[in-house]
Amino acid sequence: MNYCVRYIESESMPVQGKAQDIYRRYGREWNIREHGNGNGNWLLTKRSDILVNGKSYREFVLEHYGKCKLTRKLAEKFENDLNNGKINLI
C-alpha cells in the first residue's frame, strides 16, 4: 500500500493581547502560556506531528519507538519502516 506521510514541525510565536481574546482566537489549535511576567504577553506553541494519509500518528510513532519527542529524523525512520513493510498500519 502506498502511504502519504507528512511531518509537521513544531511552531511557537509570541503574541500580545487580553487573555480572553487570545484564548478565543488561538485556543483550539495552540497551547497558550503567559510569557514575560504577564503584562498581556503570551507564548503560543504547537507540537510537531506526523500525518499518514491525513491522520495523526504522533502518539503511535512515539510509543512504537519508545521516544518522548517527535523529530524529523524519527519521522523519516518511521516513513522508511512503513514503506519497507516493517510497520503495518492495518
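Residues numbered from 1 in each chain as written. Predicted model: local features only at pLDDT ≥ 70, side-chain atom pairs only at ≥ 80, totals over all residues. Heavy atoms only, no water.

Draft legend 1. Fine view of the pattern of salt bridges. Counted according to the given criterion, the structure contains 4 salt bridges. When the shortest N-O distance is used, the salt bridge between Arg 72 and Glu 9 registers 2.5 Å. Placement of the pair is Arg 72 in helix H3 (residues 72–83) and Glu 9 in the loop between strand E1 (5–8) and strand E2 (11–16), with a sequence separation of 63 residues. Between Glu 59 and Arg 58 there is a salt bridge; the shortest N-O distance is 3.9 Å. (Salt bridge = Lys/Arg side-chain N within 4 Å of Asp/Glu carboxyl O. Helix = DSSP H or I, 4+ residues; strand = E, 2+ residues; numbered from the N terminus.)

Draft legend 2. Just the sheet that holds strand E6 (residues 55–56), in detail. If you trace the 3 strands from one edge of the open sheet to the other, you get E1-E5-E6, paired in antiparallel fashion. Each end of this open sheet is capped by a strand with a single partner; those strands are E1 and E6. Pairing of strand E5 (residues 49–52) with E6 involves 2 bridges; the strand directions are antiparallel. Across the sheet, Val 52 pairs through a bridge with Lys 55, a residue of E6. (Pairing = 2+ DSSP bridges.)

Draft legend 3. Geometry of the packing of helix H2 (residues 58–65) against H3. In contact at an axis separation of 11 Å, H2 and H3 are set at 85° when each is read in the N-to-C sense. Relative to H3, H2 is oriented roughly perpendicular. The residues of H3 that touch H2, namely those facing Phe 60, Val 61, Leu 62 and Tyr 65, are Leu 74, Lys 77, Phe 78 and Asp 81. Its residues placed into classes, the contact of H2 with H3 shows 6 nonpolar, no polar and 2 charged. (Axes fitted to C-alpha atoms, helices over the stretch in contact; angles between N-to-C directions. Parallel < 35°, antiparallel > 145°, perpendicular 65-115°, else oblique. Contact = heavy atoms within 4.5 Å. Nonpolar A, V, L, I, M, F, W, Y, C, P; charged D, E, K, R; others polar.)

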